[in-house]
Amino acid sequence: MWTPSNRHLGGATALGGLCALLATLPTRWFGPRPTDSYVFDPPRFSALWIERTVAPVVAVAAALLILAGLLALFRRDRERMARWQRWFAVVAVVGVAVGALATMLIVSVGPQGVADPTAALNVLLGAALALLAVVLVVPGLVAWGVGYLRRERRRLGVALAVGPVASVLIVVANFGGVSFGEVGGLPVVLPFALAVLTVGYDLWNRAGDGCDGSV
């Protein structure tokens with residue numbers, strides 16, 4: 001039975017980071033939204049069609065690919081981790097899994113919005129799970145990254161420790177009144193996506209094992 005190598009999973013992880021960026025691109029960049037007469041049946045490849053059809057699929061793909069990449073990183077390096085780092089890595093992976101489930105619940109609502117009671121329940125449950133995912137992922141990834149920094153794995157350590165914190169700080173700044181205008185949620189996702197791309201590169205570049213190195 002064929003099993004993907006770390007190199008394959010590294011490529012998939014990098015693709016997950018790119019998908020995360022694509023899923024948060026403002027749909028207005030793809031053109032004007034259709035008129036009200038097309039709300040329930042938007043023209044193919046219009047901004048509204050991309051928002052309803054393409055973006056949800058890309059978001060779910062991003063969540064699952066990122067989860068696969070972090071699992072691969074944990075599997076590769078777990079024997080060389082300190083016990084505390086290993087536990088925080090598990091917390092981070094569980095958090096990403098919860099986030100993937102939250103993403104699937106939210107995108108399952110579809111164009112009917114929250115008018116349907118089941119859809120409204122999915123949105124509420126998805127939002128609650130997304131909040132739980134943040135609580136698990138941020139400290140988990142930060143501690144995981146600190147463990148790499150202590151072992152002189154600077155590139156991977158900085159990516160895991162700084163990326164999630166930068167995303168959280170951008171969210172806080174947004175609540176504090178900083179507006180990102182036309183770019184929407186892209187600044188929030190960008191640091192995390194760059195961290196994911198770094199994980200993908202590390203899995204690709206160091207596919208053989210998790211040996212220590214200077215970068």
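First things first, this report covers the structure right here in the doc. Given the structure is predicted, the values throughout are model-derived calculations rather than measurements.

Details of the pattern of salt bridges
1) Next: One pass over the structure, following the stated rule, counts five salt bridges.
2) Next: Between Asp202 and Arg76 there is a salt bridge; the shortest N-O distance is 2.6 Å. Placement of Asp202 in helix H6 (residues 186-205) and of Arg76 in helix H2 (residues 47-77) is noted, with a sequence separation of 126 residues between them.
3) Next: With relative accessibility at 2%, the residue Asp202 sits in the buried group.
4) Next: One network of salt bridges, with partners in common, ties together Arg76, Asp77, Arg153 and Asp202.

A short note on the packing of H2 against H6
1) Next: Relative to each other, H2 and H6 sit at 45°, their axes nearing to 10 Å. Between H2 and H6, the angle is such that the two are oblique. The hand of the H2/H6 crossing is left-handed. The segment H2 lies against H6, with Ile66, Gly69, Ala72, Leu73 and Arg76 engaging Phe192, Val196, Val199, Asp202 and Leu203.
2) Next: Of the residues belonging to the contact of H2 with H6, the class tally is seven nonpolar, one polar and two charged.

Brief notes about the packing of aromatic side chains
1) Next: Tallying each qualifying case throughout the model produces zero aromatic pairs.
2) Next: Sitting over the ring of Trp204, Arg7 keeps its end group 4.8 Å from the ring centre.

Digging into the packing of helix H1 (residues 6-23) against H6
1) Next: Relative orientation of the contacting elements H1 and H6 amounts to 170°, with a least axis distance of 7 Å. Between H1 and H6, the angle falls in the class roughly antiparallel. Residues Asn6, Arg7, Leu9, Gly10, Gly11, Thr13, Ala14, Gly16, Gly17, Leu18, Ala20 and Leu21 of H1 pack against Leu186, Val189, Leu190, Ala193, Val196, Leu197, Val199, Gly200, Leu203 and Trp204 of H6.
2) Next: Of the residues that constitute the contact of H1 with H6, the class distribution is 14 nonpolar, seven polar and one charged.

With respect to the nonpolar core
Proteins that are soluble and globular tend to have nonpolar side chains buried together.
1) Next: Leu70, Leu73, Leu141, Trp144, Tyr148 and Leu160 are the most contacted members of the largest nonpolar core, which has 29 residues in total.
2) Next: For this core, the secondary-structure elements that each account for two or more residues are H1, H2, helix H3 (83-107), helix H4 (117-150), helix H5 (154-175) and H6.
3) Next: With eight residues, the single largest contributor to this core is H2.
4) Next: Sequence-distant contacts of Leu141, defined by excluding residues within four places in its chain, comprise Leu70, Ala92, Leu160, Ala161, Pro164 and Phe192.

A few points about the side chain of Arg76
1) Next: Judged by its relative accessible area of 8%, Arg76 is buried.
2) Next: At 3.2 Å, the side chain of Arg76 and the backbone oxygen of Arg206 are in polar contact.

Quick word on H1
1) Next: The end-to-end C-alpha distance of H1, which contains 18 residues, comes to 25 Å, matching closely the 26 Å that a straight helix rising 1.5 Å per residue would cover.
2) Next: Among all positions of H1, only Asn6, Leu9, Gly10, Thr13, Ala14, Gly16, Gly17, Cys19, Ala20 and Leu21 are buried.
3) Next: Structurally, H1 contributes buried residues whose contacts are with H2 and H6.

With respect to unusual backbone geometry
1) Next: The backbone of Glu152 sits at a positive phi, close to 65°, despite the residue not being glycine.
2) Next: Relative to the helices and strands, Glu152 is located in the loop between H4 and H5.
3) Next: A relative accessible area of 43% places Glu152 in the partly exposed class.

Rules and cut-offs
- Residues numbered from 1 in each chain as written.
- Predicted model: local features only at pLDDT ≥ 70, side-chain atom pairs only at ≥ 80, totals over all residues.
- Heavy atoms only, no water.
- Salt bridge = Lys/Arg side-chain N within 4 Å of Asp/Glu carboxyl O.
- Helix = DSSP H or I, 4+ residues; strand = E, 2+ residues; numbered from the N terminus.
- Buried < 20%, exposed > 50% of the residue type's maximum accessible area, 1.4 Å probe, protein only.
- Axes fitted to C-alpha atoms, helices over the stretch in contact; angles between N-to-C directions.
- Parallel < 35°, antiparallel > 145°, perpendicular 65-115°, else oblique.
- Left-handed = near helix turned anticlockwise from the far one by under 90°.
- Contact = heavy atoms within 4.5 Å.
- Nonpolar A, V, L, I, M, F, W, Y, C, P; charged D, E, K, R; others polar.
- Phe/Tyr/Trp six-rings, centres within 6.5 Å; stacked < 30°, edge-to-face > 60°.
- Lys NZ or Arg CZ within 6 Å of the ring centre and 35° of its normal.
- Core = buried A, V, L, I, M, F, W, Y, C linked by side-chain atoms within 4.5 Å.
- Polar contact = N/O pair within 3.5 Å; in protein donor to acceptor, adjacent residues only side chain to side chain.
- Expected span 1.5 Å × (residues − 1).

Keep in mind these numbers describe shape, not what the thing actually does.
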